[in-house]
Amino acid sequence: MRRYQLRIDGKSVPPQGEAWFESQNPYTGESWAEIPRGDTRDVDAAVQAAHAALTSGPWAELTATQRGALLRRLGDLIARDAAKLAATEVRDNGKLLAEMQGQLNYIPQWFHYYGGLADKVQGSTLPLDKKGYFAFTRHEPVGVVAAITPWNSPLMLLSWKVAPALAAGCTVVVKPSEFTSASTLEFAELFDEAGFPPGVFNVVTGFGPEVGTPLVEHPLVSKISFTGSDTTGRLINEKAGRHLKHTAMELGGKSPNIVFEDADIEQAVFGAISGIFAATGQTCIAGSRLLVQDSIHDAFVERLLAVARTARMGDPMDPHTQVGPVTTPPQYRKVLEYIDIARSEGATVVLGGEKGTAPECGKGWFVQPTIFTGVRNDMRIAQEEVFGPVLSVIRFKDEDDALRVANGVRFGLAAAVWTSDIGRAIRMSEKLQAGTVWVNTYRAVSFMAPFGGYKDSGLGRENGIDAIREYLQTKCVWINSGAVAANPFVMR
Ligand code: NAI
Ligand code: MG
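Everything in this summary refers to the structure shown in the same document. (Residues numbered from 1 in each chain as written. Chains lettered and ligands numbered in written order. Predicted model: local features only at pLDDT ≥ 70, side-chain atom pairs only at ≥ 80, totals over all residues. Heavy atoms only, no water.)

## Points about the coordination of the magnesium ion (ligand 2)
(1) Moving on: At this site the magnesium ion (ligand 2) is bound by S23 (OG), Q24 (O), D92 (O), D92 (OD) and F179 (O), with donor distances of 2.5 to 2.8 Å.
(2) Moving on: Between consecutive donors of the magnesium ion (ligand 2), the numbers of intervening residues give the motif S-Q-x67-D-x86-F. Taken as a pair, D92 in helix α4 (residues 82-93) and F179 in the loop between β8 (171-175) and α8 (182-194) lie far apart in primary sequence, 87 residues in all. (Donors = N, O, S within 2.8 Å, 3.2 Å for Na, K, Ca; no water. Helix = DSSP H or I, 4+ residues; strand = E, 2+ residues; numbered from the N terminus.)

## Looking at the sheet that holds strand β1 (residues 2-3)
(1) Moving on: Taken together, 3 strands build an open sheet; the order of strands is β1-β5-β4 and the sheet is mixed. Each end of this open sheet is capped by a strand with a single partner; those strands are β1 and β4 (20-24).
(2) Moving on: Direction of pairing for β1 relative to strand β5 (residues 31-36): parallel, over a ladder of 2 bridges. Residue pairing for β5: R2 is matched across the bridge by A33. (Pairing = 2+ DSSP bridges.)

## Points about the packing of helix α3 (residues 64-80) against helix α6 (residues 108-117)
(1) Moving on: Two elements in contact, α3 and α6, have axes whose closest approach is 8 Å; the angle formed by their N-to-C orientations is 170 degrees. With respect to each other, α3 and α6 are oriented roughly antiparallel. Of the residues in α6, those touching α3 at G68, L71, R72, L74, G75, D76, I78 and A79 are P108, F111, H112, Y114, G115 and G116.
(2) Moving on: Residue composition of the contact of α3 with α6, by class: 7 nonpolar, 5 polar and 2 charged. (Axes fitted to C-alpha atoms, helices over the stretch in contact; angles between N-to-C directions. Parallel < 35°, antiparallel > 145°, perpendicular 65-115°, else oblique. Contact = heavy atoms within 4.5 Å. Nonpolar A, V, L, I, M, F, W, Y, C, P; charged D, E, K, R; others polar.)

## Describing the site of ligand 1
(1) Moving on: Near ligand 1 there are 27 residues, and of these W151, E178, S229, Q331 and K334 occur at the shortest range.
(2) Moving on: Here an oxygen atom of ligand 1 sits 2.9 Å away from a polar atom, N or O, in the side chain of K175.
(3) Moving on: Measuring from a nitrogen atom of ligand 1, one finds a backbone N or O atom of G252 at 3.1 Å.
(4) Moving on: Look at ligand 1: alone it shows 820 Å² of surface, and the protein chains cover 88% of it.
(5) Moving on: At the level of secondary structure, the elements contributing two or more residues to the shell around ligand 1 comprise α9 (208-217), β10 (221-227), α10 (230-242) and α13 (329-344).
(6) Moving on: Residues that form the shell around ligand 1 fall into these classes: 10 nonpolar, 12 polar and 5 charged.
(7) Moving on: Split by domain, the residues of the shell around ligand 1 number at least three in each of domain 1 (2-251 + 457-476) and domain 2 (256-439). (Near = heavy atom within 4 Å. Polar contact = N/O pair within 3.5 Å; in protein donor to acceptor, adjacent residues only side chain to side chain. Areas by Shrake-Rupley, 256 points an atom, 1.4 Å probe, with all protein chains shown as cover. Domains from an automatic or database assignment.)

## Topic: the pairing of strand β11 (residues 246-250)
(1) Moving on: In terms of burial, β11 is largely enclosed, as 4 of its 5 residues are buried.
(2) Moving on: For β11 and strand β21 (residues 458-459), the ladder comprises 2 bridges, and the chain directions are antiparallel. From the neighbouring strand, E250 faces β21, where its bridge partner is G458. (Buried < 20%, exposed > 50% of the residue type's maximum accessible area, 1.4 Å probe, protein only.)

## Observations concerning the side chain of R424
(1) Moving on: Structurally, the position occupied by R424 is in helix α16 (residues 422-431).
(2) Moving on: Judged by its relative accessible area of 13%, R424 falls in the buried class.
(3) Moving on: Looking at R424, its side chain comes within polar contact range of the side chain of D262, at 3.0 Å.
(4) Moving on: R424 has contacts with F260, D262, E399 and T419, leaving out every residue within four places of it along the chain.

## Things to note about the pairing of β10
(1) Moving on: Summarising burial for β10: 6 of the 7 residues are buried, a large majority.
(2) Moving on: In the classification by handedness, the crossover that spans β10, the intervening α10 and the parallel β11 is right-handed. (Right-handed = clockwise from strand over helix to strand, strands pointing away.)

## Description of the side chain of E462
(1) Moving on: With respect to the helices, strands and loops of the structure, E462 is situated in the loop between β21 and β22 (472-480).
(2) Moving on: Here K161 takes part through its side chain, which lies 3.0 Å from a polar atom of the side chain of E462.
(3) Moving on: Look past the residues within four positions of E462 in its chain and what remains in contact with it is W160, K161, S225, T227, E250, A449, P450, F451 and A467.

## Points about the nonpolar core
(1) Moving on: With 90 residues, the main nonpolar core has F111, F196 and F201 as its most contacted residues.
(2) Moving on: Ranked by the residues each element gives to this core, the list is headed by helix α7 (residues 154-167), at 10 residues.
(3) Moving on: Per-domain counts for this core show at least three residues from each of domain 1 (2-251 + 457-476) and domain 2 (256-439).
(4) Moving on: With near-sequence residues (within four places) excluded, F201 lies in contact with L158, V162, V172, V174, F187, A188 and F191.
(5) Moving on: In terms of nonpolar packing, the next biggest core, distinct from the first, is built from 32 residues, Y332, A342, V375 and M379 among them. (Core = buried A, V, L, I, M, F, W, Y, C linked by side-chain atoms within 4.5 Å.)

## Some words on the sheet that holds strand β13 (residues 289-293)
(1) Moving on: With mixed pairing, 7 strands are arranged side by side in an open sheet as β14-β15-β16-β13-β12-β18-β19. Each edge of the open sheet is held by one strand with a lone partner, namely β14 (348-351) and β19 (436-439). Mean inter-strand twist for the sheet, computed between neighbouring axes without regard to direction, equals 25 degrees.
(2) Moving on: Strand direction decides the pairing type here: strand β18 (residues 414-418) and β19, joined by 4 bridges, are parallel.

## Considerations on the packing of aromatic side chains
Describing an aromatic ring pair means giving the distance of the ring centres and the angle of the ring planes.
(1) Moving on: Throughout the structure, instances matching the rule amount to 21 aromatic pairs.
(2) Moving on: With a centroid separation of 4.6 Å and an interplanar angle of 45 degrees, the aromatic rings of F21 and F207 are classed as tilted. In this pair, F21 sits in strand β4 while F207 sits in the loop between β9 (201-203) and α9, placing the two residues 186 residues apart along the sequence.
(3) Moving on: Judged by its relative accessible area of 11%, F21 falls in the buried class.
(4) Moving on: Residue classification places F207 among the partly exposed residues on the basis of a relative accessible area of 24%.
(5) Moving on: When the centroid spacing of 5.1 Å and the interplanar angle of 75 degrees are considered together, the rings of F260 and F396 count as edge-to-face. With F260 in the loop between β12 (256-259) and α11 (265-276) and F396 in strand β16 (residues 390-396), this residue pair connects regions lying 136 residues apart in the sequence. (Phe/Tyr/Trp six-rings, centres within 6.5 Å; stacked < 30°, edge-to-face > 60°.)

Everything listed is a geometric property; what it means functionally is a separate question.
Okay, structure coming up:
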């Protein structure tokens, strides 16, 4: 088994408690790596290093252009090591090699894009309403950023946070998920090679209460950027509120994939499948509610089943596999439990609904691709995030009915509309309560495209030009160019 070390102040170090825990491979069910079990002392060391790098030393002295150059170099190193990093992610989280190779080849773009953006952050001069003053604004780094990441796409979701944070001049302490820490620890080594000064990027691995909590509460952390469950997100926000810290939260969803009778049916079937069975449904943007117009419902479900039945489960390293295992044992139990809940609520299983036990599933934590029809929007299976390969099909009559169902959940991360009517596409995109609306496509993301949640799906936005603002704070500088204070006892 490979034993990993923490990454603090540019060095690989053992955890101060001298404890490690095992990480499993979801396809074999076997432990393959030992991950450092950090605690409050390691968090403090990492935050102190990040704070020192922020306030003194070479990082604080760099121009924004020089920071950008480092980011771009890092992007090149990720591209060089993409295959190795992808293989680590597959081993640790069970996602398909084909998907992870795609992700790792795309991640460098975040560092190239935000590297280019670093020196385009400009303040403004203000046409003040007061004579005899000159005023301008500066956008300064918000401080030490705590990045807390989930297990479903460790390096991609981390890059969404780290690239803009570093472009803004912040320093970072990462706490990856305890289920998938290995790739983040390998990734951390590239920062040195790229030439980042020590302390700019630190990783403390371990569990939520032992590492996450002290990180969130550390007085030198200014901003917490979190992706994960809304339960943990709320908890972190409560603590952040008490300590008056900035937060950004990406908290998952229950996204509707809405198919109208005038849609291109083949495209919509593929969209529905990629929305829920790609990545074994373990994505925040999973299209877990498929809304189908009454008039085409039966024909559409029939075609959907014909394609979904061909989905091949198996070894995620095999390029022919289409559906891999569930990433964690608790998640495996949770998905199976939701299948039971849906059955007991009266939904009809038309595909799957069981553990995956075929020979090609090995000892992996597989759940068969599962489709329920006859789902009503008030059922738990239609309201709660499953985060697995479980699709709920819901009928609707017309646009108003579709909107009522689509918006009738507490989440609002993403939504898709399948139609050949441009007017309908525009009407729907205006009224859907979601941070992303796709028309005639699904599961598309880009470093350029703002991403985040409405309602309970989160706070703040990642990606795109504005995301760098999440890591900046504005200072206004006033200069007296000749104003005379007539009376020191009244406001100027
Ligand atoms: P989680 O939200 O508990 O974990 C996310 C991260 O938060 C991990 O790094 C975890 O160690 C950390 N964490 C846990 N407790 C913490 C605390 N008190 N303070 C600071 N950090 C803490 O998610 P979990 O348990 O892995 O998955 C549970 C459910 O969350 C899934 O079934 C799924 O529904 C949802 N989820 C949503 C994701 C998304 O992309 N929005 C990603 C992963 C899970
Ligand atoms: Mg693992």
